[in-house]
Structures are given as C-alpha cells and as structure tokens.
Amino acid sequence: MAPVAISASASLPASRLHGQHDRPSMVAVGTIIWLSSELMFFAALFASYFTIRSVSPEMWAENTDLLNVPFASINTTILVLSSFTCQFGVFAAERGQVGRTGTLLQVGKWGLREWFILTYVMGAIFVGGQALEYAELIHEGVTIPHDGYGTMFYLTTGFHGIHVTGGLIAFLFVLGRTYVARRFTHEQAVSAIVVSYYWHFVDVVWIGLFATIYLIK
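Residues numbered from 1 in each chain as written. Predicted model: local features only at pLDDT ≥ 70, side-chain atom pairs only at ≥ 80, totals over all residues. Heavy atoms only, no water.

### Remarks on the UniProt feature "transmembrane region" (unreviewed entry) in the protein chain
Next up, step 1: Under the UniProt annotation, "transmembrane region" (unreviewed entry) lies at residues 26-52, 72-93, 114-132, 152-176 and 197-216.
Next up, step 2: Helix makes up 100% of residues 26-52 and strand 0%, and the two end C-alpha atoms of the span are 40 Å apart.
Next up, step 3: Secondary structure content for residues 197-216 is 95% helix and 0% strand, and the end C-alpha separation is 28 Å. (UniProt positions renumbered as here; feature names shortened; annotations may be inferred. Helix = DSSP H or I, 4+ residues; strand = E, 2+ residues; numbered from the N terminus.)

What follows is the structure in structure tokens.
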C-alpha cells in the first residue's frame, strides 16, 4: 500500500504554535483555564467519595472485594500508554507531518493521523473495558441505587468515562479536518496540541481514580 502523502513537510514555526515570544498562545491559556475548572469538578467527586467512605467503612469492605483489579490494571495501562501515542502525534503535528512517509510498519515515519488513530483505538478499548466491568458489577448487585458505594463508584468512574468519550470525539474532529482541508495549517496543529492537553488531563485524573478506588481498599 502506498504511503499517505502529507500536505506540509516543513516544521511549523514555534512562535505560531505556542504564541509570540512575549506572550503565550491564547488558545492554550483558555484550554488550561477550562481544564482547571474540570479539575475542581473531579476534586469535588474525590471529596464526596472519601467523605461517604469515612462514615461507612463496612460498606466499602463489602463492595471492594467485587472489583476486578487485574482487569482494571490492564485497562489503566492501555489508557496511560495512549498518552504517549497522543504526544507522538503532537510531535508530528509540530513538524507539519500530517501522514506517514513510509509503510504502515515503519512506526518512526508515522504522522499525526496514524498516532491519533492509534490513540483513538486505545481510548475506545478503555471505554469498552469500562462498560464490560460495569456489566459484571451490575450482575453482582452493585448498582447506583443499591448503596452509597455504588453511587460514588459509578459517579466518579462514569463522569470520567464521559470525559474520555468527549476526547474520542475530539480526535475524530482533528482527524476529520486533516482529510477535509487541502493543506495542513497552523490552526490544525494547535487543535491537535489542545486535544493532547485534554487527553493528558483525563489520563492523570484516571490514575488518581484508579489508585483511590482499586488500590486503596
């Protein structure tokens, strides 16, 4: 199969990607501010989780034994590794390389599209794994209305799953622009960078959730 032609081969100027030398990119600043508000949202969920747990330790002892920690660990590893593939896509975008310059097996010559498609697949696997885990827990009787543990488990992991799904939609948006546009532009590169900020954020939040829910029993 012939390699996908790229629309731009020269690196995009750093000043255009990250703002002028005397001021940061306004898009990046706005994204960081928005993610800060999202961080406060998850902080409230963490606070609720620990508060309810502190007053009902017996409820936690009964339900945490039903968690499939090995399965969740594999799912977590997939999501964490997707942050690396996402960043490789950003590096390609900064070089102005939208598609691969070699064969599909030549990973070192991948462009933004290949890295973001792989990231999308890994994120979709994570969401699918989470859905499978929900099905197993519901079969065991762990549901939202059952008790406080079920409520907090599904609220914390569910809202995170919604955020991951939002990230997958963003990847589709960025990838779609690379196919529709005639050439790879600065704006597309900035979009890729901003989406990477969001994806790294949801990954870091999940690491905290995984440690809190699955490891601190």
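### Thoughts on the packing of aromatic side chains
Next up, step 1: In total, this model carries 20 aromatic pairs according to the counting rule given.
Next up, step 2: Relative to Tyr-154, the ring of Tyr-134 lies with its centre 5.0 Å away and its plane at 70°, an arrangement referred to as edge-to-face. Pair noted here: Tyr-134 is in helix H5 (residues 112-139) and Tyr-154 is in helix H6 (residues 148-180), with a separation of 20 residues, a long-range link. For the residue pair Tyr-134 and Tyr-154, the accessibility class agrees, reading buried in each case.
Next up, step 3: A centroid spacing of 5.2 Å and a plane angle of 85° characterise the contact between Phe-153 and Tyr-154, whose relative ring orientation is edge-to-face. (Phe/Tyr/Trp six-rings, centres within 6.5 Å; stacked < 30°, edge-to-face > 60°. Buried < 20%, exposed > 50% of the residue type's maximum accessible area, 1.4 Å probe, protein only.)

### Here's the deal with the nonpolar core
Next up, step 1: With 42 residues, the main nonpolar core has Phe-116, Tyr-149, Phe-153, Trp-199, Ile-213 and Tyr-214 as its most contacted residues.
Next up, step 2: Broken down by secondary-structure element, the contributors of at least two residues to this core are helix H2 (26-55), helix H3 (57-63), helix H4 (69-95), H5, H6 and helix H7 (186-215).
Next up, step 3: By residue number, the principal contributor to this core is H7, which donates 13 residues.
Next up, step 4: In this view, Trp-199 contacts Leu-79, Ser-82, Ser-83, Cys-86, Thr-119, Gly-123, Val-164, Gly-167, Leu-168 and Phe-171; residues no more than four positions away in its chain are not counted. (Core = buried A, V, L, I, M, F, W, Y, C linked by side-chain atoms within 4.5 Å. Contact = heavy atoms within 4.5 Å.)

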